[in-house]
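Coordinate analysis (summary)
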Amino acid sequence: MASEAPLPKLEEIRIAVIGLGYVGLPLAVEFGKRRPVVGFDINEKRIAALRAGHDVTLEVSESELAEARHLTLASDPEALREANFYIVTARTGVERTGFRSDADNG
């Protein structure tokens, strides 16, 4: 039986949420209310709008963004280096693969 590496202590975990869409942004904001987290998205305009306190998807309000005091927003992949725990919330490729999830049928 292979030995498993011990889990890191909670205070040692540095989270990065990759993809700040309908799922990733609310998740990053909630983590950011309580602990340091990097919210990463490749869309620089999206990051600029979020830094200004505006979410065009309306998933989170300006006040919720402001409450996430530990959230660092980034579009530069270099910011991901400080993390050791990654949550990827990439969108499904409906238009590229033809795959449709139940969420896409609404």
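Our structure is the block above this text.
This section reports on the structure supplied with the text. (Residues numbered from 1 in each chain as written. Predicted model: local features only at pLDDT ≥ 70, side-chain atom pairs only at ≥ 80, totals over all residues. Heavy atoms only, no water.)

1. So, the overall build of the chain
Helices and strands together make up the secondary structure of the chain, namely 4 helices and 4 strands. Listing each helix as α and each strand as β along the chain from the N terminus yields β-α-β-α-α-β-β-α. A buried classification covers 32% of the 106 residues belonging to the chain. With an accessible surface of roughly 7700 Å², the chain has 55% of that area assigned to carbon and sulfur atoms. (Helix = DSSP H or I, 4+ residues; strand = E, 2+ residues; numbered from the N terminus. Buried < 20%, exposed > 50% of the residue type's maximum accessible area, 1.4 Å probe, protein only. Areas by Shrake-Rupley, 256 points an atom, 1.4 Å probe, with all protein chains shown as cover.)

2. What to know about the sheet that holds strand β2 (residues 37–40)
Read across the open sheet, the 4 strands follow the order β3-β2-β1-β4; overall the sheet is parallel. This sheet does not close on itself; its edge strands, each paired only once, are β3 (71–74) and β4 (85–88). Within the sheet, the average angular offset between the axes of one strand and its neighbour, ignoring direction, is 20 degrees. By the bridge criterion, 4 bridges tie strand β1 (residues 15–18) to β4 in an arrangement that is parallel. In the strand pairing of β4, valine 17 is matched with isoleucine 87. Relative to the sheet, helix α2 (residues 44–51) contacts β2 and β3, its axis offset from that of β3 by approximately 150 degrees. (Pairing = 2+ DSSP bridges. Axes fitted to C-alpha atoms, helices over the stretch in contact; angles between N-to-C directions. Contact = heavy atoms within 4.5 Å.)

3. Quick look at unusual backbone geometry
Note: most residues except glycine have negative phi, and most peptide bonds are trans. Non-glycine residue leucine 58 carries a positive phi angle of around 60 degrees. Examined against the element boundaries, leucine 58 turns out to sit in the loop between α2 and α3 (62–67). With relative accessibility at 69%, the residue leucine 58 sits in the exposed group.

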